Structure formats: structure tokens, C-alpha cells
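An overview of the molecular structure
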Amino acid sequence: MNYGFFRVAAASLKLKVANPSYNKEEIKKAIDKAVSEEVRLLVTPELSITGYTCADLFFTKALQDAADEALFDIVEYTKGKNIVVIVGMPVSYYSKLYNCAIAISNGKIVKIQQKLNLANYNEFYEKRWFSTVDDDLYIEKYDCQMNSKSIIDLGDDIFVGIELCEDLWVTEPPSGRLALEGANIIVNLSASDEYVSKAEYRRDLIANQSARCICGYVYAGASVYESTTDLVFSGATLVAENGAVLAEGERFSRDNVITIADIDVEKLNALRQKNMSFNSCYDYSVTSLENTKINNKSNDLKYRFVDPHPFVPADDTKRKERCREIFSIQAAGLAKRMEHVGSSGAVIGISGGLDSTLALLVAVEAMKLLGKDNLDILGITMPGFGTTDRTYNNAIELMKCLGVTVKEISIKDACIQHMKDIEHNADIKDITYENTQARERTQILFDMANKHGKLLVGTGDLSELAMGWCTYNGDHMSMYGVNASVPKTLVRYLVEYVAGISEKKTADILYDVLDTPVSPELLPPDENGKIAQKTEENIGPYELHDFFLYHFVRFGFSKEKLQILAEKAFDGKYESNEISKWLEIFLKRFFISQFKRSCIPDSPKVGSVSLSPRGDWRMPSDASFADYL
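Values in this document were obtained by computation on a predicted structure and should not be read as measured data.

Structural notes on empty space enclosed by the protein
Summed over the entire model, instances satisfying the criterion amount to 3 cavities of 30 Å³ or more. For the largest cavity, the calculated volume is near 150 Å³. For the lining of the largest cavity, a count of residues per class yields 5 nonpolar, 7 polar and 4 charged. In this structure, the second largest cavity spans a volume of roughly 60 Å³. Surrounding the second largest cavity, Arg7, Glu38, Arg40, Asn296, Lys297, Ser298 and Asn299 form its lining. Within the lining of the second largest cavity, the residues separate by chemical class into no nonpolar, 3 polar and 4 charged.

Considerations on the sheet that holds strand S18 (residues 405-408)
Across the sheet, which stays open at both edges, the 5 strands sit in the order S18-S17-S16-S19-S20 with parallel pairing between neighbours. The sheet is open, and its two borders are formed by S18 and strand S20 (480-481), each paired with just one other strand. The sheet strands contacting helix H7 (residues 316-341) are strand S16 (346-349), strand S19 (455-458) and S20, and the helix crosses S19 at an angle near 160 degrees. Along the sheet, helix H11 (residues 431-452) makes contact with S16, strand S17 (377-381), S18 and S19, crossing S16 at roughly 160 degrees.

Describing unusual backbone geometry
Phi is positive for Asp156, which is not a glycine, with a value near 55 degrees. Looking at the element boundaries, Asp156 is found in the loop between strand S8 (151-153) and strand S9 (159-164). Although it is not a glycine, Asn242 sits at a positive phi angle of roughly 45 degrees. Tracing the chain through its elements places Asn242 in the loop between strand S12 (237-241) and strand S13 (244-248).

A short note on helix H9 (residues 389-402)
An α-helical segment advances 3.6 residues per turn. Residues three or four places apart therefore align on the same side. A rise of 1.5 Å per residue sets the reference length of H9, with its 14 residues, at 20 Å; its end C-alpha atoms lie 20 Å apart and thus fit the reference within 8%. Along H9, the residues classified as buried are Thr391, Asn394, Ala395, Ile396, Leu398, Met399 and Leu402. Buried residues belonging to H9 abut helix H8 (354-370), S17, S18 and helix H14 (504-514). Gly403 sits one or two residues past H9 and shows a positive phi near 75 degrees.

Considerations on the environment of Leu97
Among the structural elements, Leu97 can be located in strand S4 (residues 96-105). On the basis of relative accessibility, which here comes to 7%, the residue Leu97 falls in the buried class. Separated by 17 residues in the primary sequence, Leu97 and Gln114 place their C-alpha atoms 10.0 Å from one another. Beyond its immediate chain neighbours, meaning those up to four positions away, Leu97 contacts Phe58, Phe59, Gln64, Pro90, Val91, Ser92, Trp129, Phe130 and Ser131.

Concerning the state of the cysteines
Inspection of the entire model under this criterion finds 0 disulfides. Cysteine Cys415 is unpaired, with the sulfur of Cys470 as its nearest cysteine sulfur at 18 Å. Classification of Cys415 by relative accessible area gives buried; the value is 1%.

Some words on the pairing of S13
Judged from the 4 bridges that link them, S12 and S13 form a sheet pairing that is antiparallel. From the neighbouring strand, Glu241 faces S13, where its bridge partner is Ala244. Taking the residues that link successive antiparallel strands as the turn, the S12-S13 hairpin has 2 residues, and the phi of Asn242 there is positive, at about 45 degrees.

Concerning the sheet that holds S4
If you trace the 8 strands from one edge of the open sheet to the other, you get S6-S7-S5-S4-S3-S2-S1-S14, paired in mixed fashion. On the outer flanks of this sheet lie strand S6 (137-139) and strand S14 (257-264), each paired with one strand and no other. For this sheet, the mean inter-axis angle between neighbouring strands, taken without regard to orientation, is 30 degrees. The strands touched by helix H6 (residues 265-274) are strand S1 (5-12) and S14; relative to S14, the strand with the most contacts, the crossing angle is about 50 degrees.

Quick word on the packing of aromatic side chains
Scanning the entire structure with this criterion turns up 26 aromatic pairs. Seen from their ring centres, Phe570 and Tyr574 are 5.5 Å apart, and the 70 degrees between their planes marks the pair as edge-to-face. A cation over an aromatic ring shows up here: Lys16 above the ring of Tyr22, its NZ or CZ 4.5 Å from the ring centre. For the cation-ring pair, Lys28 lies above Tyr77, with the distance from its terminal atom to the ring centre recorded as 5.1 Å.

Let's talk about the packing of H8 against H14
For the pair H8 and H14, the least separation of the axes is 9 Å and the interaxial angle reads 145 degrees. The way H8 lies across H14 gives a crossing that is left-handed. Judged by residue contacts, Leu354, Thr357 and Leu361 of H8 engage Leu510, Val513 and Leu514 from H14. A breakdown of the residues in the contact of H8 with H14 according to their chemical character gives 5 nonpolar, 1 polar and no charged.

Some words on the nonpolar core
Of all hydrophobic cores here, the largest spans 132 residues; its most connected members are Leu41, Ile185, Val187, Leu334, Leu360, Leu549 and Phe590. When near neighbours in sequence (up to four residues on either side) are disregarded, Ile185 contacts Phe6, Val8, Leu41, Ile158, Phe159, Val160, Gly161, Gly216, Val218, Ile263 and Val265. With 33 residues, the next largest nonpolar core counts Leu42, Ala67, Ile74 and Val91 among its residues.

Overview of the pattern of salt bridges
One pass over the full model with this rule turns up 40 salt bridges. One salt bridge in this structure joins Lys28 and Glu25, with 3.3 Å as the shortest N-O distance. Of this pair, Lys28 and Glu25 both sit in helix H1 (residues 20-36), 3 residues apart, which is roughly one turn of that helix. Taking relative accessible area as the criterion, Lys28 reaches 11% and is therefore assigned buried. A salt bridge links Arg177 to Glu181, with the shortest nitrogen-to-oxygen separation between them at 3.2 Å. In this structure, a network of salt bridges that share partners links the residues Lys24, Glu25, Lys28 and Asp73.

What counts, and at which threshold
Residues numbered from 1 in each chain as written. Predicted model: local features only at pLDDT ≥ 70, side-chain atom pairs only at ≥ 80, totals over all residues. Heavy atoms only, no water. 1 Å grid on protein atoms, 1.4 Å probe; cavity = no way out; pocket = protein on both sides within 12 Å on 5 of 7 lines; lining within 4 Å. Points joined across faces, edges and corners; volume = space filled by probe spheres on them. Nonpolar A, V, L, I, M, F, W, Y, C, P; charged D, E, K, R; others polar. Pairing = 2+ DSSP bridges. Helix = DSSP H or I, 4+ residues; strand = E, 2+ residues; numbered from the N terminus. Contact = heavy atoms within 4.5 Å. Axes fitted to C-alpha atoms, helices over the stretch in contact; angles between N-to-C directions. Expected span 1.5 Å × (residues − 1). Buried < 20%, exposed > 50% of the residue type's maximum accessible area, 1.4 Å probe, protein only. Disulfide = S-S within 2.5 Å. Phe/Tyr/Trp six-rings, centres within 6.5 Å; stacked < 30°, edge-to-face > 60°. Lys NZ or Arg CZ within 6 Å of the ring centre and 35° of its normal. Left-handed = near helix turned anticlockwise from the far one by under 90°. Core = buried A, V, L, I, M, F, W, Y, C linked by side-chain atoms within 4.5 Å. Salt bridge = Lys/Arg side-chain N within 4 Å of Asp/Glu carboxyl O.

Shown next, in the form of C-alpha cells:
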């Protein structure tokens, strides 16, 4: 299976201006390279058969005839090849010339797209040579319509729209309408010359248009061999997908550049299904390829990077900026809620673990926003049967460093009494034993919040909600959950971010918290006093579960697709059978835990994936997971 992936390529060619007989051979070389790499769509630059800078030579009969001859040779060359090739050339029709893109498949011209917005300013003089026309024209010599209102159906829900260079730079690019008509891949044949800062602007423009249209965008620019007179071209080639640049070729190369990427069309279609803007679409006007639908067979993802940590930017600068933004959102949300309800401060249960540490840091920032003293935060540590010296000491010392009010309440005696009351043998370390402690802690926190007129701040994170790794009406409940849309893999970096801007004593404690195994500490420590109950040994690595969560909730991917993506992302770290094991556990736990998510407290949304029942995720609590496995 191809799992919705579609391989595309943008080519910048080593051509000769006004020499179609030479240029066609370079195009054929590019076709051979693309076919060898199992590319299904190859895009060449604007006017690639003749060259863009022919100027008044476009009017010559010799160049027009040579272009036609080269085109027909290329058309013939595609016979029997499982690829669509899009080339650029001037098309003469009676007394006019049109700057066109021509799509070719299996020995046939399937679409002619005229350039709608001719560049005619500064160094561009396109209206001197080319025309535009509103009506469709049937070009007899090519046995094909020239139009601007159709998209190409390649099968497997892959629809391609075409625009040329300046079309992208105008106020209303044609790609917007093409996307509304169903095109999920836009190609751009371009001849954009270079000057300082233009490359960065162009890159952002392409990425932003792919985001605006929720599409893949394939851009092929004219090479350095077009450079003449006052202009220098760079051969920019890019492939973008929904705002991200998947691949970018080397500029100013003296060789042919073929930039290849695997676009996830299934992902794009899933995003469009959720975006109601695409419900208000134009009537479909689809040009189908008769008997030449592309065979988009299995895809090895050779030309696609799969990020193992989709919630966490790999770039250090971007990651710090992301953490700063999320931390600000959390603090602003908490400050607003405290101000609205007239709370005198916050109550937080501090365990010495990652989640409660982050919640405490957010509360401190909220106090700053409200102009309140940190003493208005009541931090309560509640040692139980599984509390270790390491987490206990970290909890106490962190609260002291931050200047919050410290309270210690042991839950051991209360839990022992409760287990007696319900006739549970305390020697049986089962779910009752564990949840007794979680609910006792929550009861203390709620009652202390009521007693002191403060807001109980929840500490549980998004990953725990996804896996149901929380005690119903225990740590699952609060008055406002600041971490509820922050995944575990990101919690670490948020704490690390604050550590990086804190004074040394506080930072040292935070770094030790980061180095502590994730655990609810509900079972007694081992014989060495170390944490015995390690969450990831029970339910699997959080980095895998966050990976599954992101792709399942955001795009609705199947188990099989989640598997192949994870194998690509974590190649060399987890074996295939290990990924399969934890993936099945994730899907089962995700489904059976919905009832817990259906009644979670308010929490600030910080990213594109949230499980709030009032916002991003509505799911029946009793949905079957059988077909998902």
C-alpha cells in the first residue's frame, strides 16, 4: 500500500536559451531520473522547452516549430512510463502566443494551462509577447483543450492544479480557487530571477500558500543557464506541504537539480475534512486522464522525513520560542480564571514529578501577571506509600526556592483507615490500593482550596489523558487544568526552558526533576529506596504514544499507517514488533479511556491537538476499537 503518499519532483534544468532540440534531451534525462526514483509527478520550469529569456525570439517561426517538435518528442518519450510530466512552452494559436504549462502522461497531452497573470513590470515584459484568453481553446495540433478552470485527476484522491510563476505572487492566486475545486497538489512552473532577500520571501510565500490551501506545492524555477543581460536565475526548487517545506534543492547549481519529496495526500484530505472552509467550494471541473491514471503503488518514504517528536521542534531556537509561547498561554489562562472567580491564590499538589513541577511554575508566572505574592500559592506535598526521598526532597526544596507557602500532609494513615473501612487488605497492592491514595490526595486538595478560598490547579497532561493514565475523580479532577493539552514529551522541554532562565539553585532542582523516572509513586519503593513503579515500563514509551496521539487525532490515520510512520521515525531505536505492541496498547487505552476525558475540567488549549470534550475532540465514551486494531 502507499498509505496516501505521492512522490513528486521539481526539476531545474541545464538548458540552452532558444534551443528546444537541446532542452528536450535535458528534460528526457530528468524524466529518466524521476522514473528511476519512482516519481509520479515531475514539474519543470516555466517555458522549459524554449527557455524563459528568449524575448523577441518567441515571435520567430523557427523557435515555435522547434518547440512543437521537441514537445512531441517528449510526449512520445513518456509512453509506457508511470509518470505525469509537466513542461513549459509558448503555444501559438492563430495570431497569438500563450505562455503555457503542458501536462503529459503516457504518450498523450492531457492538459494545457495558460499563465493567467503575466508579469509586466520592472525587468518583466511578458505582455510584449504573450496573451491571455478567458474562453477555453481547443488546440488542434495538440488534440487538447487550453483552459484555466480544470484540475487533473490522477486517481487515488490525487488532484493536481497548475499555476505559473506570477500567478502565485498576485493578490488572488489561482491556486486558491483550484484548491476549492479539489486540487490537493498545486504545481508552479516558474522563472523567477534572483536578488537579495528574494529567495527567503519566495520560500515563505510557497510555504504559506501550501498552508492556506492545505495542499502540497511543487515549485520548479529556471536555472542559472537562463541568466542573461541584467538577470541572474538560481534554479530554486521546493516542495511544501501544509506550511512545511519538505524538500529544497540547491540553488545556483551548474547541473540538473531534481528535488524529490513524498507528499502525504491522505493527511491533506483529512485536514480538509475538518476545515469547513472547503465545504463552500466551486463546482468540480475535473479533467480525468483517460486510461492513464497513475499507478501509485507502495511507497518506501525514501523522500520523506518523519519527525519522531511532532510536538517538539528539533531546532533549539524554535523549541525555546515554542516553550515560551506555551508557558505564556498557560499562565495567562490561569490568571484569567483566578481573576474571574475572585480566587485569593492557587492550591497545587506537589509530588516532585514533572507535571506538578510545571503546574507550579505556571502558577508562579500567573501570580506575577496578577501582581500577587508567591505566598498566595499553597503548595501541598502529600507523601504516600510510594514516595521516595528524591521526589519528596525535590518537592520541598522547589517550593522553598520559589517562595510559595509549603504544607505537608501525609496520606498514609488516612489511606490505611479508608482501606479498613472498605474492607480492603492493604497488603494487596492492586488498583484499589493505588487509587485510594490518588483520591485521598484529591480530596485534601479540594478541601484545602475551599478552606482558603483558592483555585485548585490540576497537573495532569495530555498524554495521560490520551492513555487514561489517571485516576477517575482523583488526579483526573481539579478546578482548572493548566497542563491538559501539553503532551508529556513537551512537558520536559517546558520545565527545561524555565530551568534555563532560573537562578542556579532552582535550576539544579528542576534539572534533577527532569532526570527522575516518570512515576505516579503509588507502589512502595524498591529495596534501595528507588522508584519501583515506572510508568513507561507499564504502558510504553511516552515518545511513541505522543507520536501515535498526534497522527491519530490530527489526521485519523489507520493503525497500519501509524506503524509504518513510526518505523520510519524511530528507525534504529525501536523494533517493528515493539512499535506494534505499544501501538495496540495505545489504541485500546485511548478508546476505553474516553469516559475520563468526557468530564475533564477547563484547560487552556496550547497546540493543534487537544482532547477537550468542549473543543477539539468529541468521541462517544463507548465506541468500539475492534476495527481500529
